[in-house]
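Here is what each chain is made of, one letter per residue.
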Amino acid sequence: MIERYFDNAATTPVDPRVREEMLPFLGEAFGNANSLHEPGRRARAAVELARERVARLLGAEDPSQIVFVSGATEANNWILNAFPKAAISPFEHSSLFDTARALGRAVLPNEGLKLLGPPWPVDLVSVMAVNNEIGARWDASKHRHPGASLHSDITQAAGKLPVSVAPLDFASLSGHKFHGPKGIGALYSRESPPPPMLLGGEQEGGFRAGTLNVPAIVGMGAAAQIALDEMDNDLQTAQACRAAVLGALEGCTEMRVNGGESPSPYILSLSFRGVVGETLVIEADQAGFAISSGAACSSRSTEPSHVMTALGIEPDWLKGTVRISFGRYNKESSSSELGLSLRRSVERLRAMRAS
Ligand code: PMP
């Protein structure tokens with residue numbers, strides 16, 4: 001049941017209104033957006049409308065600042081490839097963190113959630129808006145470094161929280177985090193996009209080769225429009241659901257809420273000391289709830305994530321961490337039920353350990 005799906009930071013269900021807008025482009029409106037004939041022109045018009053809608057969602061000045069890519073992963077790789085002296089925060093998603101390591105880019109030092117430096121010369125600083133594991137937030141504009149460009153991975157903020165790209169030079173996002181389809185995203189560039197990473201076609205002004213995925217682009221545009229129109233409602237839903245889970249857990253001992261002072265209301269990261277997060281995820285699944293242990297991207301691995309490592313979370317808290325993430329279709333009632341279910345699991349598992 002969709003209201004028991006609490007893993008919206010991993011991906012969100014496609015809004016039926018988005019699906020409706022996409023369907024013609026999987027059928028009769030199949031044209032290649034770069035073709036000159038009528039089917040091509042119809043596809044092109046739909047792509048340009050989507051570009052306008054995404055630009056509006058982000059508060060961009062002009063739709064031409066948006067280049068469609070396959071997702072935030074590609075946008076993040078593109079950026080790091082273009083800036084040899086980039087420095088990223090230690091809390092970035094693995095599409096930046098692992099890429100930075102592979103390419104020999106630097107990682108900023110930190111004290112808890114506070115970012116330090118960089119004390120060395122850099123050509124780009126990258127600081128995410130909302131962390132996908134714990135929901136912590138940063139204002140990237142506070143990390144502008146003299147002489148360096150500023151990039152922010154806004155994947156967990158776009159379409160959920162009010163976002164303005166005005167103080168940024170570049171931003172990455174994915175459509176499927178705000179009820180659009182998977183495999184589509186965008187890179188915002190205030191001035192020119194970086195030199196292309198994918199060559200071999202004229203698409204996207206020559207900055208990103210490859211036949212445009214028109215149905216997905218249309219879907220991302222529709223999702224952006226709905227997200228902008230309904231942001232207050234969606235935000236209220238997330239806040240109410242978060243409060244309902246926490247309300248059901250009130251008084252639960254040895255429990256911590258991660259994510260700092262003012263985490264995104266959409267992501268609730270909880271650590272229960274002495275319990276194994278994966279066991280909670282499995283028990284929640286048996287009760288019909290979808291939640292995640294840490295980041296879905298790394299939840300198939302048993303290694304502590306680089307985010308938790310950078311925060312220096314103690315092992316017995318680390319192991320008992322789960323992520324509950326909210327979306328448009330969650331309800332306060334299903335959120336309370338999830339909180340109660342978690343509470344029962346935690347109490348039972350602790351009692352078993354004690355006996
Ligand atoms: N950045 C962040 C913050 C994310 O949460 C994700 C998705 N988990 C990505 C980048 C990558 O997005 P995608 O898999 O759609 O490329």
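Under the annotation held in an unreviewed UniProt entry, the protein chain carries the name cysteine desulfurase and is attributed to Fimbriimonas ginsengisoli. Its UniProt record gives the protein chain a comment under Cofactor (unreviewed entry), which states: "pyridoxal 5'-phosphate". As its UniProt record puts it under Sequence similarities (unreviewed entry), the protein chain is described as follows: "Belongs to the class-V pyridoxal-phosphate-dependent aminotransferase family. NifS/IscS subfamily."

Caption draft 1: Here's a closer look at the site of the ligand. Contacts to the ligand come from 15 residues, most closely from Thr73, Asp153, Ser174, His176 and Lys177. Separating an oxygen atom of the ligand from a backbone N or O atom of Ala72 is a distance of 3.4 Å. At a separation of 2.8 Å, an oxygen atom of the ligand approaches a polar side-chain atom of Gln156. For the ligand, the accessible surface in isolation is 400 Å², of which the surrounding protein chains cover 87%. When grouped by side-chain class, the residues that make up the shell around the ligand number three nonpolar, 10 polar and two charged.

Caption draft 2: Local environment of the sheet that holds strand β1 (residues 66–69). An order of β1-β9-β8-β7-β6-β2-β3 is seen for the seven strands of this open sheet, with the pairing classed as mixed. Sheet topology places β1 and β3 (106–107) at the edges, where each strand pairs with a single neighbour. Two elements, strand β6 (residues 124–126) and strand β7 (residues 149–153), share three bridges in a ladder whose sense is parallel. If you follow Leu124 over to β7, its bridge partner there is Ser149. Packed onto the sheet, helix α2 (residues 38–58) meets β1, β8 (170–174) and β9 (185–189) and runs at close to 115° relative to β1. Along the sheet face, helix α4 (residues 94–103) touches β2 (86–88), β3, β6 and β7 and points at about 135° away from the line of β2.

Caption draft 3: Local environment of the pattern of salt bridges. In this structure the tally under the stated criterion is 20 salt bridges. Across the pair Arg42 and Glu28 runs a salt bridge, and its minimum N-O distance is 3.9 Å. You can see Arg42 sitting in helix α2 and its partner Glu28 sitting in the loop between α1 (16–22) and α2, a full 14 residues away along the chain. Residue Glu28 is classed as exposed on the basis of its relative accessible area, which comes to 55%. Between Asp234 and Arg328 there is a salt bridge, and its shortest N-O distance comes to 2.9 Å. In this pair, Asp234 sits in helix α6 (residues 231–248) while Arg328 sits in the loop between β12 (321–325) and α10 (332–354), placing the two residues 94 residues apart along the sequence. Relative accessible area serves as the criterion here: at 8%, Asp234 is assigned to the buried category. A single salt-bridge network, built from bridges that share partners, covers Asp15, Arg17, Glu230, Asp234 and Arg328.

Caption draft 4: A look at the packing of aromatic side chains. Counted by the stated rule, this structure contains four aromatic pairs. Between Phe6 and Phe289, the aromatic rings sit 6.3 Å apart at their centres with planes inclined by 45°, giving tilted as the arrangement. A residue pair is termed long-range when its members are at least 10 positions apart, and Phe6 in the segment before α1 and Phe289 in the loop between α7 (277–286) and α8 (306–311) qualify at 283 residues. We classify Phe289 as buried; its relative accessible area is 3%. Over the ring of Phe25 we find Arg42, and its NZ or CZ is 5.7 Å from the ring centre. Arg256 extends its terminal NZ or CZ atom over the ring of Trp317, reaching a point 4.0 Å from the ring centre.

Caption draft 5: Layout of the UniProt feature "domain: Aminotransferase class V" (unreviewed entry) in the protein chain. Per the UniProt record, the feature "domain: Aminotransferase class V" (unreviewed entry) sits at residues 5–89 and 123–332. The distance from the first to the last C-alpha atom of residues 5–89 is 30 Å, and the span holds 46% helix and 8% strand.

Caption draft 6: View of the pairing of β8. Across the five residues that make up β8, a large majority, five, are buried. Judged from the three bridges that link them, β7 and β8 form a sheet pairing that is parallel. In the strand pairing of β8, Ser152 is matched with Ala171.

Caption draft 7: Seen up close, the domain arrangement of the protein chain. The domains assigned to the protein chain are domain 1 (2–9 + 230–349) and domain 2 (16–228). Computed over C-alpha atoms only, the centres of domain 1 and domain 2 are separated by 27 Å. Listed per partner, the contact involves 27 residues of domain 1 and 30 residues of domain 2. Counting the surface lost from both domain 1 and domain 2, the interface buries some 2,600 Å², and carbon and sulfur atoms represent 57% of this. It is Met231, His306 and Arg328 in domain 1 that bury the most area against domain 2; as a group they hold 25% of the surface buried on that side. Linking domain 1 with domain 2 are one salt bridge, by the criterion used here. A salt bridge links Arg17 to Glu230; the nearest nitrogen and oxygen atoms lie 2.7 Å apart. At the boundary of domain 1 with domain 2, the tally comes to 15 residue pairs in polar contact (both at pLDDT 80 or more). The element that contributes the greatest number of residues to the side of domain 1 that touches domain 2 is α8, accounting for five residues.

Conventions adopted
- Residues numbered from 1 in each chain as written.
- Predicted model: local features only at pLDDT ≥ 70, side-chain atom pairs only at ≥ 80, totals over all residues.
- Heavy atoms only, no water.
- UniProt positions renumbered as here; feature names shortened; annotations may be inferred.
- Near = heavy atom within 4 Å.
- Polar contact = N/O pair within 3.5 Å; in protein donor to acceptor, adjacent residues only side chain to side chain.
- Areas by Shrake-Rupley, 256 points an atom, 1.4 Å probe, with all protein chains shown as cover.
- Nonpolar A, V, L, I, M, F, W, Y, C, P; charged D, E, K, R; others polar.
- Pairing = 2+ DSSP bridges.
- Helix = DSSP H or I, 4+ residues; strand = E, 2+ residues; numbered from the N terminus.
- Contact = heavy atoms within 4.5 Å.
- Axes fitted to C-alpha atoms, helices over the stretch in contact; angles between N-to-C directions.
- Salt bridge = Lys/Arg side-chain N within 4 Å of Asp/Glu carboxyl O.
- Buried < 20%, exposed > 50% of the residue type's maximum accessible area, 1.4 Å probe, protein only.
- Phe/Tyr/Trp six-rings, centres within 6.5 Å; stacked < 30°, edge-to-face > 60°.
- Lys NZ or Arg CZ within 6 Å of the ring centre and 35° of its normal.
- Domains from an automatic or database assignment.
- Buried area = accessible area lost by both parts, 1.4 Å probe.

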